[in-house]
Amino acid sequence: MGAMQMLPPPFDTWENTVDWLAGAPLRIVLILLAAVVVRWLVNRSIRTVTERAVERADEHERSSIEKVMDRATGANLARRRQRALTMGSLLRSVATFVIATVTLLTVMAELGMPLAPLLTSAGIGGIALGFGAQSLVKDFLSGIMMIIEDQYGVGDVIDTGEATGTVEEVTLRVTRLRDASGVVWFIRNGEIIRIGNKSQGWAVATVDLQVSYAEDPRRVLPILQRVVTEVAEDPAWADKLIEPPTVAGVESVSGGTMTLRIFAKTRPGEQYAIPREIRERAKEAFDQEGVRGPAVLPYGGTQA
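Residues numbered from 1 in each chain as written. Predicted model: local features only at pLDDT ≥ 70, side-chain atom pairs only at ≥ 80, totals over all residues. Heavy atoms only, no water.

Threshold: UniProt positions are given in the numbering used here, feature names are shortened, and annotations may be inferred rather than shown by experiment.
The name given to the protein in an unreviewed UniProt entry is Mechanosensitive ion channel protein MscS, and the organism recorded there is Ornithinimicrobium pekingense. Under the UniProt heading Subcellular location (unreviewed entry), the note attached to the protein is "Cell membrane". The protein has a UniProt comment under Sequence similarities (unreviewed entry) that states "Belongs to the MscS (TC 1.A.23) family."

Given below as structure tokens:
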């Protein structure tokens, strides 16, 4: 009994100990359990909203070009799903941080710790950090907006003004891309003023072919039409085209050269391979039909 009396309150008696355990410790346990439950509910809600966002995007009426792209490659569906999952992950991280902060402050209040000096110090530190890290905050906000607006994603070929290349990684602070020479560029999101995305939706390839001025367009154009039809019907190239290439006609006549133009609407990234195939087949067809090319004279001149 003497030993029990030497214990400090509230542990001096069994009744006081039970009362203390039923007080602050029990409330702290309940606060932690409530935080876990709230976090689970919030994450489940975010997951539900994310799944519905993907479903609404799938049901949304899109243009005929987008429908063709979806049926051919599923690229748009994959982009929307990836963006929704990225936003869901970001929202879950923010929700976890907020819930953890509120839970910590509540537990500290239950333990009797003074929060006013802590909050005051945190406010002053936050202001100082805000002034010192304005560029970092700008980068993070720009990164969030880029993800929300789906300006670009990994694998896209983009032009940032500073560099042009394929995106290898996108974070909230920087974008990493690799240009055609293999150079890796790290660009802060806050420094990106404009974005030119060459990989979204579709691309148009322009093919110019030069023949002799003396050739008759009524003879040459049907040959080109046959060439582009063969390319469009070739299984190796059909899935790279959105629609059959179009022979636009005579683009220009200059000196001894007549330039014929072809337009090909392709999948993103295929606007470089399709023109090479068309030029190669057109060269073979011109040789077979005896279509003459512009004669090259010394110092770059041409003649019929």
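**Some words on the packing of helix α8 (residues 217-233) against helix α10 (residues 273-289)**
Quick note on the threshold: As a rule, the C-alpha atoms of each element are fitted with a line to give its axis, helices using only the stretch in contact, and angles between N-to-C directions run from 0 to 180 degrees. A run of H or I in DSSP becomes a helix once it reaches four residues, and a run of E becomes a strand once it reaches two; helices and strands are each numbered from the N terminus. For classification, angles of less than 35 degrees are called roughly parallel, those exceeding 145 degrees roughly antiparallel, those between 65 and 115 degrees roughly perpendicular, and all remaining angles oblique. Here a crossing is taken to be left-handed if its near helix is turned anticlockwise relative to the far helix by less than a right angle, and right-handed if that turn runs clockwise. In this analysis, two residues are considered to be in contact whenever any of their non-hydrogen atoms come within 4.5 Å of each other. Under the grouping applied here, Gly and all other residues not named as nonpolar or charged are polar, the nonpolar ones being Ala, Val, Leu, Ile, Met, Phe, Trp, Tyr, Cys and Pro and the charged ones Asp, Glu, Lys and Arg.
One way to put it is that α8 packs onto α10 with a least axis distance of 10 Å and a crossing angle of 135 degrees. Of the possible angle classes, the one that applies to α8 and α10 is oblique. For the crossing formed where α8 meets α10, the hand is right-handed. Contact with α8, carried on its side by R219, V220, I223, L224, R226, V227, E230 and V231, involves E277, I278, R281, A282, A285, F286 and E289 of α10 and no other residues of that element. Classifying every residue of the contact of α8 with α10 gives 9 nonpolar, no polar and 6 charged.

**Considering the sheet that holds strand β6 (residues 203-212)**
Where we set the bar: Any two strands with at least two DSSP bridges between them are considered paired.
The 3 strands lie next to each other as β6-β8-β7, forming an open sheet whose pairing is antiparallel. The open sheet has two free edges, formed respectively by β6 and β7 (246-254), since each of these has just one partner strand. Between one strand axis and the next, the sheet turns through 25 degrees on average, direction left out of account. Pairing geometry for β6 and strand β8 (residues 257-266), over 10 bridges, is antiparallel. When the bridges of β8 are listed, V211 appears paired with M258. Against the sheet, α10 makes contact with β6 and β8, and its axis sits at roughly 25 degrees relative to β6, the strand it touches most.

**Looking at α10**
Inclusion rule: Helix span, expected: 1.5 Å multiplied by one less than the number of residues in the helix. Whether a residue is buried, partly exposed or exposed follows from its accessible area with a 1.4 Å probe, protein chains only, as a fraction of its type maximum: under 20%, in between, or over 50%, in that order.
If you check α10, its first and last C-alpha atoms are 25 Å apart, about what 17 residues at 1.5 Å a residue would give, namely 24 Å. All of the buried residues in α10 are A273, I274, P275, E277, I278, R281, A282, A285 and F286. For α10, the elements touching its buried residues are β6, α8, α9 (235-238) and β8. Immediately downstream of α10, the backbone of G290 shows phi near 75 degrees, a positive value.

**As for the pairing of strand β4 (residues 184-188)**
Moving residue by residue along a regular strand, the side chains alternate between the two faces of the sheet. Examined bridge by bridge, strand β3 (residues 174-178) and β4 share 5 bridges and lie antiparallel to one another. When the bridges of β4 are listed, L177 appears paired with W185. Hairpin connection, β3 to β4: the antiparallel pair is bridged by 5 residues, and G182 has positive phi, about 90 degrees.

**Topic: the pattern of salt bridges**
Applied cut-off: In the sections that follow, a salt bridge refers to a side-chain nitrogen of Lys or Arg positioned within 4 Å of a carboxyl oxygen of Asp or Glu.
Within the structure shown, the criterion is met by 13 salt bridges. In this structure, R178 and E168 form a salt bridge, with 2.6 Å as the shortest nitrogen-oxygen distance. Of this pair, R178 sits in strand β3 while E168 sits in strand β2 (residues 164-170), and the two are 10 residues apart along the sequence. The exposure class assigned to E168 is partly exposed, which follows from its relative accessible area of 28%. Where salt bridges share partners, they join E168, R176 and R178 into one cluster.

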